[in-house]
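So you can see what is in the structure, the chains are spelled out below.
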Amino acid sequence: DTAVSQTPKYLVTQMGNDKSIKCEQNLGHDTMYWYKQDSKKFLKIMFSYNNKELIINETVPNRFSPKSPDKAHLNLHINSLELGDSAVYFCASSPDSSGRVQYFGAGTRLSVL
Amino acid sequence: AQSVAQPEDQVNVAEGNPLTVKCTYSVSGNPYLFWYVQYPNRGLQFLLKYITGDNLVKGSYGFEAEFNKSQTSFHLKKPSALVSDSALYFCAVRDMGSNYQLIWGAGTKLIIKP
């Protein structure tokens, strides 16, 4: 049973399209995150939710909108995709927001053509 | 400003030799430090952490890390490298501000040659 699962694993789309990436965790954790890893492997936090409430919202274009319907799910919707959005997006979860160990999903590789 | 530095983009080690992957940090107060590993096409996996206590921390897959407060370092070590240790290694420190997010290093690619 995968602890943190993301779908889809690969996403290839055209510029200007809107797409969503879904994330679910079955660990009972309160906190979930979205990260972006660029082609140089730099890891950058985008958002964090704790019990469905947004607690971290880094400088990310407002084309990116996270949604947390419940504390086990954190989805990422991206409007008007741009070439620069091509990256691997990771979802993660942790027991709480106090900076404890994070558990990562396998990633979604987004390619914008 | 709080930060983490991994000074080496890549480390090459022969199988069976000891390995060290370097990490230095800059935070105010007592740091919470982490090492994660990323295998190709996979998500990051937690290896070990230092919060308090013994300066030598043992983790998964035979890895350990030494916390050195005077040198503000938290180097990852393993006595005898395996080819399967080849991966990307990230050091991270907890932000001591209000949101406790992790501040990540740039990653070090570890290559173990047979």
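Rules and cut-offs
Residues numbered from 1 in each chain as written. Chains lettered and ligands numbered in written order. Predicted model: local features only at pLDDT ≥ 70, side-chain atom pairs only at ≥ 80, totals over all residues. Heavy atoms only, no water. Contact = heavy atoms within 4.5 Å. Buried area = accessible area lost by both parts, 1.4 Å probe. Salt bridge = Lys/Arg side-chain N within 4 Å of Asp/Glu carboxyl O. Polar contact = N/O pair within 3.5 Å; in protein donor to acceptor, adjacent residues only side chain to side chain. Helix = DSSP H or I, 4+ residues; strand = E, 2+ residues; numbered from the N terminus. Disulfide = S-S within 2.5 Å. Buried < 20%, exposed > 50% of the residue type's maximum accessible area, 1.4 Å probe, protein only. Core = buried A, V, L, I, M, F, W, Y, C linked by side-chain atoms within 4.5 Å.

### Looking at the interface of chain B and chain A
Taken together, the contact between chain B and chain A spans 19 residues of the former and 21 residues of the latter. Overall, the association of chain B and chain A removes approximately 1600 Å² of surface from exposure, summing both partners, and the carbon and sulfur fraction of that is 58%. In terms of surface lost to chain A, no three residues of chain B exceed Leu 44, Gln 101 and Trp 104 of chain B, which account for 29% of the buried area on that side. Between the two partners, chain B and chain A, sit zero salt bridges. Counting across the interface, chain B meets chain A through five residue pairs in polar contact (both at pLDDT 80 or more). At the level of elements, strand S5 (33-38), strand S6 (44-50), strand S10 (87-94) and strand S11 (102-104) of chain B are the ones that each hand at least two residues to the side of chain B that touches chain A.

### A look at the state of the cysteines
Within the structure shown, the criterion is met by two disulfides over all chains. Between the sulfur of Cys 23 of chain A and that of Cys 91 of chain A lies a disulfide, 1.9 Å long from S to S. Its S-S torsion of about -75 degrees marks the bond between Cys 23 of chain A and Cys 91 of chain A as left-handed, since a negative value means left-handed. Placement of Cys 23 of chain A in strand S3 (residues 19-25) and of Cys 91 of chain A in strand S9 (residues 87-94) is noted, with a sequence separation of 68 residues between them. Cys 91 of chain A gets classed as buried once you look at its relative accessible area, which sits at 0%. The disulfide partner of Cys 23 of chain B is Cys 91 of chain B, and the S-S distance across this bridge is 1.9 Å. Its S-S torsion of approximately -65 degrees makes the covalent link between Cys 23 of chain B and Cys 91 of chain B left-handed. On the criterion of sequence distance, the pair formed by Cys 23 of chain B in the loop between strand S3 (19-21) and strand S4 (24-26) and Cys 91 of chain B in strand S10 is long-range, its members being 68 residues apart. Classification of Cys 91 of chain B as buried rests on a relative accessible area of 0%.

### Topic: the nonpolar core
With 29 residues, the main nonpolar core has Leu 19, Trp 35, Leu 47, Leu 48, Phe 74, Leu 76 and Tyr 89 of chain B as its most contacted residues. Residue assignment for this core shows that the elements contributing at least two residues are strand S2 (10-14), S3, S5, S6, strand S8 (64-68), strand S9 (73-78), S10 and strand S12 (108-113) of chain B. Here this core takes four residues from S10 of chain B, the largest share from any one element. Here Leu 19 of chain B is in contact with Val 13, Phe 63, Leu 76, Lys 77, Lys 78, Ala 81, Asp 85, Leu 110 and Ile 112 of chain B, once residues within four sequence places are set aside. Counting residues in each nonpolar core, the second largest holds 20 residues, with Leu 11, Ile 21, Cys 91 and Val 112 of chain A among its members.

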